[in-house]
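If you want the building blocks of each chain, they are given just below.
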Amino acid sequence: MHYSPVPMHIPDGFLSLVVSIVCWAASASIIGLAISRTNKALGEKQIPLMGVMAAFIFAAQMINFPVAGGTSGHLLGGALAAIVLGPWAGMLVMTAVIAVQGLLFQDGGLLVMGANILNMGLVTTAIGYGLYRAVSGQSKAVRLSTAGIAAWLSVMAGALFTALQLWLSGTSPLGIVIPAMLGVHALIGLGEALITVAALSFIIQTRPDLLAEGSESAKGGRGWIWAGGLITLVVVLISPLASSNPDGLERIAINMGFINAGQSAPYSIIPGYTLPFLGETALSTIAAGVIGVFVVGAIIMLIGRGLKAKS
Amino acid sequence: MHFNAFDRYHEKESFLHRLDPRVKALATVVYIISNALLPDGAWLAFISAWIFLIAANLLSQLGIGYTFKRSIIALPFALIAVTILFSMPGKPVFTFQFLMWQPVVTDAGLLRFVSILIRSWLSVQMAILLVAVTRFPDLIHALEHLRVPPILTTIIAFLYRYLFVLTDEVIRLMRARESRSAASAGNRSGGGVLWRAKVAGNMAGQLFLRSYERSDRIYNAMMSRGYTGHLYTLNPHEMKSSDYFVTAFVVAAIFIVQLNGRL
Amino acid sequence: MPVTHVINSFEMPECDGDVLSIRDLYFSYPDGHPALHGVSLNLCRGDKAALVGPNGAGKSTLMLHLNGILSGRGEIEIAGQRLTRNNLPAVRAMVGLVFQSPDDQLFSPTVFEDVAFGPLHMGLPETEVRTRVDAALEAVRMSTYRDRLSHHLSVGEKKRIAIATVLSMKPSLLILDEPTAGLDPRARRTLINLLRELPITMLVSTHDMALVKELFPRTIVMDEGKVVADGLTMEILDDEELLTAHGLEKP
């Protein structure tokens, strides 16, 4: 049976229409760019290659290894796809995978697919390739460790974007969803990093000529390094900021009109993110975040284990 | 050995099965958008939308509870929204003991949470129905008609075609690993996490190589039949009068649902 | 070490006009590994020839030259036309190459789309494409499979559909790589009957010596990149020395 390797596929209903449309617009433009760039790079072989690679990523997501206590590590594949195929082809391949997961298996919704593609297909490949490209001339050890870090960061970035979309849709408060998503995915990202490094090491050992860095035409420009670095910066800066000062971020977002008041009760800031008995202190906010991570993370892992046992 | 878990299509000769795939795809998307537009607590609209869904279930001849049974899949994600119960400001409804805390569930929170669940549940069922009454290759044609870029639809077509082949290879790789995952008395078995990750990575790498080489052979096969870089396809779907009728009906039904949402 | 024998020249059928003419074909792979060392052979209309030899003899490599996927030094003529870079598309319509693994050959979601691929790319109008698809499926006795999904078929069914995918281009020459490999006896029998009935010039590479004896009046033996024997199947199969020298067994 199909099951998703990471709990990042957002179903329909959890994002507001506005957020869904904005994400679709972003994804569509980036995909459009990817299409025109790939045409130039790979030539006639691109269609069978990307097609089979998409099936590869889908199948590879089924490979697991036990981590601890019944959980297992998996591969999402964004970083790996970008490193072996090049950034643009990697994006198209991941888009196809996410599209089929949503269409055929309802793993991720249809209206929110733009967001899912953005989070799991575009952001992940951008970071994965950007960071890897930055060390492209270096020794194998450096490249492999960078690939691992890039893979971990790609998962974290996807999680962060997902969390932000959920918050902006009014589905989950910022102070909880960010620590929860990032907390859960910090561990999952570790699994991603390990498999990505191991797979890459295998490929470098057996057919290094197949990697995108070998072919000059598929290689992305230095702009990718900037893109990857920028997203990394966003992840690194926003996550702790949002966790510890969600109110501030919310205030900014409301002032800029990002959060609509929703169709029901207005979203007032102050008593939102604190535990009632602790009052409005930073400690309370952090505690709420920590509890959120604990509760959501534990439950997700339990459910994941339960589903895995059934299939 | 057939891994039929990847086939979501159920063969029947129902009215829905015979509809043009474009109509079905668009109807599904419009339904989901409609759900997203419904405000929290729009019970009348939710019920109307649900009736629409049930009617579709019946028309598909797949049984009235067909989509309901398969809709549990979206459940785990609902946990993300659980926190909205406590954090939306409003009148407290009830409070309970969780370890040493007493989270308070508010009325606004409860309303939003339940509404999210209902919208999501309705939408996922329509998506389930879509692939149950439409063959996936036809769905791909529908995407082509709806102006999805051909390179994407082609990649999706290849993905679908080789899904079974490659997952079959993964299963064989995993079985081979399992067959060699023995334990000897007195020793702790399993290897370290790093070693296990390396094995998994090798499997992925192996699969990648085989896939790459397979794509070379497929490319040769395509070239042997005249492929020179541009893919031609036939789009064998033509809209019949029943398709137009259904489109109009869906638009009207969704309109009514939306009206109910504003009452 | 290859043993060269005199090419038998008696009792070969009168040539009706060459369908295939290969003269002194040499080829080495990009990594330097030499694969073909001056291969020459002719096929006439109506010929059904088996290509046998041990693994690594160059049989598959040779076949890939016949529709221009690989190109080496030497001359290849298909139905009198010299194979060059420019007329590849035309040649590919004339040479129907069926690969060993049907999964590589059936790359579309449905059978119809796979069989239609060839004629579509030839630029034929839609009605003509449909007619050809129906005819090709009829020729392999699989008309009922038209709307089936490719990944649902058994290996034997896939192999026959794979043949249909090239028949729809109406080729002058059908080339098959290991058609009976991996088939159970029943599927193999069905395929043999099919091949027997197809009225088309054929070159078939195979390890299945019983198939060779049953269907192919002419056998070409390859080893180490060269043709080492080319003549009547009956005689070649009786030549024990020849067979052992090239890793073949009498059926």
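What comes next is a walk through the structure.

What counts as what
- Residues numbered from 1 in each chain as written.
- Chains lettered and ligands numbered in written order.
- Predicted model: local features only at pLDDT ≥ 70, side-chain atom pairs only at ≥ 80, totals over all residues.
- Pairing = 2+ DSSP bridges.
- Helix = DSSP H or I, 4+ residues; strand = E, 2+ residues; numbered from the N terminus.
- Expected span 1.5 Å × (residues − 1).
- Buried ≥ 20, exposed ≤ 12 C-beta atoms within 10 Å, placed from the backbone.
- Arc of directions from axis to C-beta.
- Contact = placed C-beta atoms within 7 Å.
- Nonpolar A, V, L, I, M, F, W, Y, C, P; charged D, E, K, R; others polar.
- Axes fitted to C-alpha atoms, helices over the stretch in contact; angles between N-to-C directions.
- Parallel < 35°, antiparallel > 145°, perpendicular 65-115°, else oblique.
- Left-handed = near helix turned anticlockwise from the far one by under 90°.

**Details of the pairing of strand S10 (residues 226-232) of chain C**
Residues and elements named next belong to chain C.
Logical step 1: Relative to S10, strand S9 (residues 218-223) runs antiparallel, the two sharing 6 bridges. Within the sheet, the bridge partner assigned to Asp223 lies in S10 and is Lys226.
Logical step 2: In this structure, the hairpin formed by S9 and S10 is closed by a connection of 2 residues, where Glu224 is found at a positive phi of approximately 50 degrees.

**Some details on helix H11 (residues 241-262) of chain B**
Every α-helical turn comprises 3.6 residues, leaving residues that sit three or four positions apart pointing alike.
Residues and elements named next belong to chain B.
Logical step 1: Helix length check: H11, at 22 residues, gives a terminal C-alpha distance of 32 Å against a target of 32 Å (1.5 Å per residue), a fit within 8%.
Logical step 2: Residues Val250, Ala253, Ile254, Val257 and Gly261 constitute the buried set of H11. Mapping the buried residues of H11 onto a view down its axis gives an arc of 100 degrees, with all of them on the same face. Exposed residues on H11 whose side chains face more than 90 degrees from its buried face are Ser241, Tyr244, Phe245, Ala248, Phe249, Ala252, Phe255, Leu259 and Arg262.
Logical step 3: In the core, the buried residues of H11 are packed alongside helix H2 (21-37) and helix H3 (43-59).

**Quick look at the environment of Leu160(A)**
Logical step 1: Its location among the elements puts Leu160(A) in helix H6 (residues 140-168).
Logical step 2: When the C-alpha positions of Leu160(A) and Val184(A) are compared, they lie 11 Å apart, and in sequence the two are 24 residues distant.

**Comments concerning the interface of chain C and chain B**
Logical step 1: Contact with chain C, which involves 27 residues of that partner, is made by 23 residues of chain B.
Logical step 2: Elements with a contribution of two residues or more to the side of chain C that touches chain B: helix H2 (88-94), helix H3 (102-105), helix H4 (111-121) and helix H6 (155-167) of chain C.
Logical step 3: No other element matches H4(C), which puts 5 residues into the side of chain C that touches chain B.
Logical step 4: For the side of chain C that touches chain B, the per-class residue count stands at 13 nonpolar, 10 polar and 4 charged.

**Things to note about the packing of helix H4 (residues 87-105) of chain A against helix H5 (residues 113-134) of chain A**
All names here are of chain A.
Logical step 1: It is at 9 Å that the axes of H4 and H5 come closest, and there the two elements cross at 150 degrees. Between H4 and H5, the angle falls in the class roughly antiparallel. In this structure, H4 crosses over H5, and the sense of that crossing is right-handed. Residues Pro87, Gly90, Met91, Met94, Thr95, Ile98, Ala99 and Gly102 of H4 form the contact with H5, whose participating residues are Met113, Asn116, Ile117, Met120, Gly121, Leu122, Thr125, Ala126 and Tyr129.
Logical step 2: Considered class by class, the residues forming the contact of H4 with H5 number 11 nonpolar, 6 polar and no charged.

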